[in-house]
Amino acid sequence: MKAEKKRGSKIQSKLIKYIWICVIPLIILFSIAIIRMYGFYQDYDLLVRNITSANEYNMSFKESMDEMMYRIIIGSANWTNADEKLENDDPKALIAEAKEHFEELREKTTEDNVRTDLTALIKLLEILDERVDDILINVEEGGHYDENMEMLDMNIRTLTSLIQEDIQKYIYDEAQNMEMLRRQVASSLLTTIRTMIIVLIIILVVIYFLSRRLSERITEPITELVGMTEKFAGGDFTVSYHPDRDDEMKTLADSFNSMVKEIENLVEDIHREQENAKDAELRLLQEQINPHFLYNTLDAIIWMTEAGENKKAIQIIQELSSFFRISLSKGESEITIRNEKEHVKNYLEIQRYRYQDILDYEIDIAEDILDYHIQKLTLQPIVENALYHGIKNKRGGGKIIVEGYLSKTDEKTAEGEASGTIIFKVKDNGIGMNEEELEKLRKLISGEITIDDKRGFGMANVEKRIEMLYGENFGLDVESTYEEGTTVTVRIPIQ
């Protein structure tokens, strides 16, 4: 099973590889665009915060400094009394805070004109700090009121006006830088959009050609295999198919070639052993394979692939491959009930892809009988009959239930071998049959009549093989009610 899963992933791996080929350029492109936009955002955010903080000083520094110094000179700020000094009346702290702020802005800036503005502004703050010291010394000495007022007018207010002008110049230059950044963002955005459109067009073209190539890689061998199957259906047993690839199609082709070769050998054996008619008839009936089921399924795979449902196509290829492996069974006429169960499951899974709107199923076969043997192609024809003549003829959805168990009357022999009957029931809630149709089917199955009626051909085939192998005590029993459904019971001896 692990090997099968590994083989079954090759087409899927190609699909994933092609998807990544298309997706990775988009991821790279979007990553570059996001990184560039984030860089612009950081620069823009820094400019806005710088302008905002500088604007706060532009609005309040001169007024606060002038008022603070005036209050110190007239004595309302109590500068000479350390105990009564107010925290908000410290001009030295205000200057130091402003100087520290603008020095920090100067360290962050990368523009020469802005650095020049900030250097001049810091120099003025240092001069202002010296002039403030002159006034504070006079205030502490006392008796310099007129001199201090003159220094306030001539020095302090003049310097704060110059500082305010420099702050405004800094704000103006930063605003100019912001406008340049805006233009860069606009230009970059247009370039990015153009690049993304071009790359998207290229990717769409690549996707188109890759999808065509992948579709051809999947559909061409299937189409060729359909042609081979049609020739085979026409009786040409010399056909063979050898695709130059190592994936699910190779597995399917190998199964097809093995099937053709084995059927060819069986036909030769039939011609060579005509004296043993009963054995020849048994093997012929046993190896009957409906080629229409194969190329209808292959047509469905082609349709799914062209519709872009590649995962479904991969799954149905795997189911079909498993279906034929069990059908062939290396030429053995008997298989385990476990394999027969898997065979029926493969068939129903394939059909559910085709009739997903109307078909549901359930398989409930007891674990204790799975290792017993059964003639292959025993349950599948009955399930096929339930689908085509029961479920499909019913309006709305339907369900097929397959059950299998050991008869409760079975006992163990002295040698330890089980004796008794294994019972299978194939139930459907399809259209069912009226009494006349049911009686006609029972006669056809039992061989009392031979009518060209496809409805009972597969079931008559199964009945005939069971009777030939196990005797008249084993075989099929059919119960049906019109518009309620049909139940087919199969009884075989323990093998």
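Residues numbered from 1 in each chain as written. Predicted model: local features only at pLDDT ≥ 70, side-chain atom pairs only at ≥ 80, totals over all residues. Heavy atoms only, no water.

### Topic: the overall build of the protein
- Check the secondary structure of the protein and you find 13 helices and nine strands.
- Restricting to contacts in the protein with at least 6 residues of sequence separation, those with at least 24 account for 73%.
- Accessible surface computed for the protein: about 27300 Å², of which carbon and sulfur atoms make up 52%. (Helix = DSSP H or I, 4+ residues; strand = E, 2+ residues; numbered from the N terminus. Contact = heavy atoms within 4.5 Å. Areas by Shrake-Rupley, 256 points an atom, 1.4 Å probe, with all protein chains shown as cover.)

### Structural notes on the sheet that holds strand S2 (residues 359-365)
- Ordered in space as S2-S4-S7-S9-S8, the five strands form an open sheet in which the pairing is mixed. In this open sheet, the two strands that pair with only one neighbour each are S2 and strand S8 (475-481). Neighbouring strand axes in the sheet, compared pairwise and without regard to direction, differ in orientation by 10 degrees on average.
- Where S8 lies against strand S9 (residues 485-493), seven bridges are found, and the strand directions are antiparallel. (Pairing = 2+ DSSP bridges. Axes fitted to C-alpha atoms, helices over the stretch in contact; angles between N-to-C directions.)

### Observations concerning the confidence of the model for the protein
- Here the protein averages 78 in pLDDT, while 84% of its residues score no lower than 70.
- Low pLDDT (under 50) marks residues 274-288, which in the prediction has 29 contacts with non-local residues, meaning those over four places away or in another chain.
- Within the model, pLDDT remains below 50 along residues 410-418, and this stretch shows 13 contacts once partners closer than five positions in the same chain are excluded. (pLDDT = per-residue confidence, 0-100.)

### Some thoughts on the pairing of strand S4 (residues 398-406)
- Summarising the sheet, S2 and S4 pair through seven bridges and their orientation is parallel. Each bridged residue has a counterpart across the sheet, and for Glu362 the counterpart in S4 is Ile401.
- Pairing geometry for S4 and strand S7 (residues 421-428), over seven bridges, is antiparallel. Its bridge partner lying in S7, Ile400 is registered against Asp428.

### Structural notes on the packing of helix H4 (residues 112-141) against helix H5 (residues 145-233)
- Two numbers describe how H4 lies on H5: the axes approach to 9 Å, and their chain directions differ by 165 degrees. The angle between H4 and H5 falls in the class roughly antiparallel. As for how H4 packs across H5, the hand of that crossing is left-handed.
- In terms of residue class, the contact of H4 with H5 is built from 19 nonpolar, six polar and eight charged. (Parallel < 35°, antiparallel > 145°, perpendicular 65-115°, else oblique. Left-handed = near helix turned anticlockwise from the far one by under 90°. Nonpolar A, V, L, I, M, F, W, Y, C, P; charged D, E, K, R; others polar.)

### Considering the packing of aromatic side chains
- Per the counting criterion, the structure on display carries five aromatic pairs.
- Pairing Phe323 with Phe324 gives two aromatic rings, centres 5.5 Å apart and planes at 85 degrees, and the pair type is edge-to-face. You'll find Phe323 and Phe324 in the same group, each marked buried.
- Note on Phe323 and Tyr347: the rings are 6.2 Å apart at their centroids and 35 degrees apart in plane angle, and the pair reads as tilted. Taken together, the positions of Phe323 in helix H9 (residues 310-328) and Tyr347 in helix H10 (residues 337-354) put the pair 24 residues apart, joining distant regions of the chain. The pair Phe323 / Tyr347 is uniform in exposure class, with both members buried.
- Three or more aromatic residues joined by ring pairs form one cluster here, namely Phe323, Phe324 and Tyr347. (Phe/Tyr/Trp six-rings, centres within 6.5 Å; stacked < 30°, edge-to-face > 60°. Buried < 20%, exposed > 50% of the residue type's maximum accessible area, 1.4 Å probe, protein only.)

### Side note on the nonpolar core
- Ranked by size, the top nonpolar core spans 78 residues in total, and within it Phe256, Met259, Leu298, Leu320, Ile337, Ile400 and Phe424 carry the most contacts.
- Ignoring sequence-local partners within four residues, the contact set of Ile400 consists of Leu348, Leu359, Asp360, Tyr361, Glu362, Val383, Ala386, Leu387, Ile391, Val426, Lys427 and Asp428.
- Within the second largest apolar cluster, 34 residues are counted, among which are Ala54, Tyr57, Ile72 and Leu159. (Core = buried A, V, L, I, M, F, W, Y, C linked by side-chain atoms within 4.5 Å.)

### A closer look at the packing of H9 against H10
- H10 packs onto H9 with a crossing angle of 145 degrees between their chain directions and a minimal axis gap of 9 Å. Taken as a pair, H9 and H10 cross one another with a handedness that is left-handed. Mapping the contact onto sequence places Lys312, Gln315, Ile316, Glu319, Leu320, Ser322, Phe323, Ile326 and Ser327 in H9 and Asn339, Glu342, His343, Lys345, Asn346, Tyr347, Glu349, Ile350 and Tyr353 in H10.
- Considered class by class, the residues forming the contact of H9 with H10 number seven nonpolar, six polar and five charged.

### Considering a nonpolar patch on the surface
- A surface patch of nonpolar side chains, amounting to about 710 Å² of accessible area, comprises Ile16, Ile19, Trp20, Val23, Ile24, Ile27, Ile28 and Ile32.
- You can see Ile28 is positioned in helix H2 (residues 10-74).
- A relative accessible area of 47% means that Ile28 is categorised as partly exposed. (Patch = residues over 30% accessible without salt bridge, like charges linked within 9 Å, V, L, I, M, F, W, Y side chains within 5 Å. Salt bridge = Lys/Arg side-chain N within 4 Å of Asp/Glu carboxyl O.)

### Digging into the pattern of salt bridges
- Within this structure, the stated rule accounts for 18 salt bridges.
- Asp133 is the partner of Lys92 in a salt bridge, and the nearest nitrogen-oxygen pair spans 2.7 Å. Taken as a pair, Lys92 in helix H3 (residues 91-108) and Asp133 in helix H4 lie far apart in primary sequence, 41 residues in all.
- With relative accessibility at 26%, the residue Lys92 sits in the partly exposed group.
- Overall, the relative accessible area of 27% leaves Asp133 in the partly exposed class.

### Focus on H9
- With 19 residues, H9 should reach 27 Å at 1.5 Å per residue; the first-to-last C-alpha distance of 27 Å fits that figure.
- Extensive coverage of H9 is indicated by the burial of 14 of its 19 residues.
- Ser329 lies just past H9 and shows a positive phi near 50 degrees. (Expected span 1.5 Å × (residues − 1).)

### Quick notes on a negative patch on the surface
- A cluster of acidic residues, Glu140, Glu141, Asp146, Glu147 and Glu150, forms a negative patch on the protein surface.
- For the negative patch, the secondary structure elements donating two or more residues are H4 and H5.
- Topologically, Glu147 is positioned in helix H5.
- Glu147 sits in the partly exposed class, given a relative accessible area of 38%. (Lys, Arg positive; Asp, Glu negative; His and termini not counted. Charge placed at Lys NZ, Arg CZ, Asp CG, Glu CD.)

### Section: the environment of Ile73
- Considering the arrangement of structural elements, one finds Ile73 in helix H2.
- We classify Ile73 as buried; its relative accessible area is 8%.
- Distance from Ile73 to Glu147, taken between C-alpha atoms, is 9.9 Å for residues 74 residues apart in sequence.
- Non-local contacts of Ile73, meaning those with residues more than four positions away in its chain, are made with Ile135, Val139, Tyr145, Asn148, Met149 and Leu152.

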